[in-house]
Amino acid sequence: MHENNSTVTDNLPQVAPATLIEDGFVYTADDRNRVHPQGSVLLLGDRIAAVGPSEEVAREVQALDLAGLRRIPAAGKLVLPGFVNPHWHESLGAGLAAADQNPDDTGDAPGPFAEGGDIRALSAVFDAIPARTQTMTPDEALAIARYSIWTQLRSGITTYGDVGSMNHSDALFDATVQLGGRGAVSHWASDMVCPQGTSTPKRTREVAEITDPLRALLDRAAADPSGRLRVMPSAVYVTNMSDDLGTALAELCTAEDLTFATHAGALANEPAVVAEYYGTTPIHRLDRLGLLNERLLSVHTAFVSDSERELLLKSGFKLSHSPGKYGSTGESPISGSKLIVDLMRAGIPVSVSTDGNAYPLGMIETMRMAWLGHNEVWSNETTVRPSTALAMGTRLAARCLRWDDQIGSLEKGKQGDLVLIPATDWRYLLRSRPLDGLLSTGSSNDVDTVLVAGRVLLEDGRSTFLDETELRTRFIDAVTSFTERSR
Ligand SMILES: [Zn+2]
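Residues numbered from 1 in each chain as written. Predicted model: local features only at pLDDT ≥ 70, side-chain atom pairs only at ≥ 80, totals over all residues.

*Asks:* Whenever I open this one, the overall build of the protein confuses me. Can you help?
*Replies:* Of regular secondary structure, the protein possesses 17 helices and 20 strands. Here the protein has a C-alpha radius of gyration of 22 Å; the compact-globule value for 487 residues is 23 Å, and the two agree. Taken over the C-alpha atoms alone, the protein extends approximately 70 × 55 × 50 Å along its principal axes. When each of the 487 residues of the protein is scored for burial, the buried share is 55%. In the protein, once contacts between residues fewer than 6 apart in sequence are set aside, the share between residues at least 24 apart is 75%. (Helix = DSSP H or I, 4+ residues; strand = E, 2+ residues; numbered from the N terminus. Rg over C-alpha atoms; globule rule 2.2 N^0.38 Å. Buried ≥ 20, exposed ≤ 12 C-beta atoms within 10 Å, placed from the backbone. Contact = placed C-beta atoms within 7 Å.)

Here you go:
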């Protein structure tokens, strides 16, 4: 028998007054992608006070005469900025239903995202999610959210951007606070569907059902002393957003200076269907609604017209794509248009992200696919270098959330969010560039140490403060009772 989840109180580890991460192979992911093959990072409290070659940082440490200095030996380890996952959906509540799949995959048929996408069917799938999520009890929601946030932290993701989740926004917020992570929380937004057999979209809920919870989240974030929680309004798809909702979200984001995220131009069949139901294509529609500007985080964005491309370039928008996920769903934003690299070369901040799934997805694997996938498509191994892939999962990802003043690179003044990964085993012999080794043969499970805001949350691949067995048991209990009820 477990205690009620709402009584869970975690004792987050203390932030040491000073922490020295010593003698690692430091990739700063700063705007010059500087590396220090024998480097150290000094934190004072939650912030980075020095980064550089070990001898230089050691001299600063000596000059400061620090009492209570905590040393974290990093020899033989990669020292990276915490991974930032700007496009994610908490969706592990779907895990048990997905576990009913036939273990034999040979009979699988293409799904709704495949071959350009069945856009009308997807609009109905997306619109059905809030009703299903409402059947989750608050305790189930929190247990699932806690496990889900744990999978992020365990794989080195110190910051996530929620683009709408199959969970309660409050549970995500609470889980992030309790587990010591960092995130921009959203609320699932869909108030329209595009039904088969007609060209008129159908209204499914009131705008206030989406904007009221967002305002409540804003109040919670404003009252949270940690500074680790933000709010990111989103719309799941341009097919699923009324003009009223789009206008209301634009007003909210302008008034509060919030990043707005949506999937747009993600699938080859999407522009024609959006034009059929709304009279214009996705990017033009975002523009008309006041959503195409520097606050926009547009996801996948590969299938746009020439005029939309021009609008995008002028807007100052940010783009995140999820190359680790496309192959599993039959999506083709990389090979299908080649637009993402074009936009990147034109100066648009392009990041990688995991997107959502019924099972955890990792950023190391996603960075690998950005490196290898784009280079294969362009037949050029310098199109996306390993250091670019890392920046896409750190600094550029933070830029996409407009959080890069605080996180995303190892630079003086930024938050102490770091990931350490051992790099001395058989995979790394004779490599002068261990990042290449990580992206070639590494996985999320190789992450060894994670710090968020100077707090050590993971050490030797284990939580420093959570009972992992209990976390897992509560998750399985919650996902089982939720699934049984909603069958
Ligand atoms: Zn997504």
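*Asks:* I keep staring at the packing of helix α4 (residues 138–154) against helix α5 (residues 169–179) and nothing clicks. Help me out?
*Replies:* Helix-helix packing is described using two parameters, namely the angle between the two axes and the distance between the axes. Interhelical geometry of α4 versus α5 gives an angle of 50° and a closest axis separation of 8 Å. Compared by their axis directions, α4 and α5 come out oblique. Every pair of crossing elements has a handedness; the one defined by α4 and α5 is right-handed. Contacts from Pro138, Ala141, Leu142, Ala145, Arg146, Ile149, Trp150 and Leu153 in α4 reach Ala171, Leu172, Asp174, Ala175, Thr176, Gln178 and Leu179 in α5. A breakdown of the residues in the contact of α4 with α5 according to their chemical character gives eleven nonpolar, two polar and two charged. (Axes fitted to C-alpha atoms, helices over the stretch in contact; angles between N-to-C directions. Parallel < 35°, antiparallel > 145°, perpendicular 65-115°, else oblique. Left-handed = near helix turned anticlockwise from the far one by under 90°. Nonpolar A, V, L, I, M, F, W, Y, C, P; charged D, E, K, R; others polar.)

*Asks:* How should unusual backbone geometry be read in this particular structure?
*Replies:* The general pattern is negative phi for most residues beyond glycine and trans for most peptide bonds. The phi dihedral of Asn33 is positive, around 50°, even though this residue is not glycine. Along the chain, Asn33 falls in the loop between β1 (18–27) and β2 (35–44). Looking at Asn33, the number of C-beta atoms within 10 Å reads 17, which means it is partly exposed.

*Asks:* It is not clear to me how the nonpolar core should be interpreted in this structure. Could you clarify?
*Replies:* Val41, Leu78, Val79, Ile144, Met367 and Met392 are the most contacted members of the largest nonpolar core, which has 141 residues in total. When residues of this core are assigned to domains, at least three fall in each of domain 1 (18–82 + 410–463) and domain 2 (83–400). (Core = buried A, V, L, I, M, F, W, Y, C linked by C-beta atoms within 7 Å. Domains from an automatic or database assignment.)

*Asks:* I'm lost on the sheet that holds strand β8 (residues 182–185) in this one. Help?
*Replies:* Two orientations exist for strands paired in a sheet by backbone hydrogen bonds: parallel and antiparallel. The sheet built from four strands is open, its strands ordered β6-β7-β8-β11 with parallel pairing. Either end of the sheet is taken by a strand with one partner, and the two such strands are β6 (83–88) and β11 (229–231). Neighbour-to-neighbour, the strand axes of the sheet open up by a mean angle of 15°, direction not taken into account. Judged from the three bridges that link them, β8 and β11 form a sheet pairing that is parallel. Residue Ala184 lies in a different strand from β11, and its bridge partner there is Arg230. (Pairing = 2+ DSSP bridges.)

*Asks:* How should I be thinking about the pairing of strand β14 (residues 296–300) in this particular structure?
*Replies:* Within a regular beta strand, the side chains point alternately toward one face of the sheet and then the other, so they alternate between its two faces. In terms of burial, β14 is largely enclosed, as five of its five residues are buried. Sheet analysis places strand β13 (residues 260–264) next to β14, joined by five bridges and oriented parallel. Its bridge partner lying in β14, Phe260 is registered against Leu296. As paired elements, β14 and strand β15 (residues 318–321) share three bridges and run parallel to each other. Looking at β15, one finds that Val299 is bridged to Ser320.

*Asks:* It is not clear to me how the environment of Lys412 should be interpreted in this structure. Could you clarify?
*Replies:* Structurally, Lys412 is set in the loop between α15 (395–400) and β17 (418–422). Overall, the presence of 12 C-beta atoms within 10 Å leaves Lys412 in the exposed class. Sequence separation of Lys412 and Ala49 is 363 residues, and the distance between their C-alpha atoms is 5.0 Å. Contact partners of Lys412, with chain neighbours within four places excluded, come to Ile48, Ala49, Ala50 and Val51.

*Asks:* Looking at this model, I keep getting lost on the domain arrangement of the protein. Mind explaining?
*Replies:* Often, the extent of an interface is quoted as the loss of accessible area upon association of its parts. Its domain assignment divides the protein into domain 1 (18–82 + 410–463) and domain 2 (83–400). For domain 1 versus domain 2, the distance between C-alpha centres works out to 30 Å. If you look at the interface, domain 1 gives 23 residues, while domain 2 gives 25 residues. At the level of elements, β5 (77–81), α16 (434–441), β18 (449–452) and β19 (455–459) are the ones that each hand at least two residues to the side of domain 1 that touches domain 2. Grouping the constituent residues of the side of domain 1 that touches domain 2 by class yields 14 nonpolar, five polar and four charged.

*Asks:* I would appreciate a short explanation of the sheet that holds strand β12 (residues 234–237) in the present structure.
*Replies:* Spatially, five strands are ordered β12-β13-β14-β15-β16 in an open sheet, and the strand pairing comes out parallel. In this open sheet, the two edge strands, each paired with only one partner strand, are β12 and β16 (350–352). Averaged over all neighbouring strand pairs, the angle between strand axes comes to 25°, with direction disregarded.

*Asks:* I keep staring at the environment of Val447 and nothing clicks. Help me out?
*Replies:* Here Val447 shows up in the loop between α16 and β18. Taking the C-beta count within 10 Å as the criterion, Val447 has 25 such neighbours and is therefore assigned buried. Spatially, the C-alpha atom of Val447 lies 6.4 Å from that of Gly461, the residues being 14 residues apart in sequence. Filtering out sequence-adjacent residues up to four positions away, Val447 remains in contact with Arg154, Ser155, Gly156, Val419 and Ile421.

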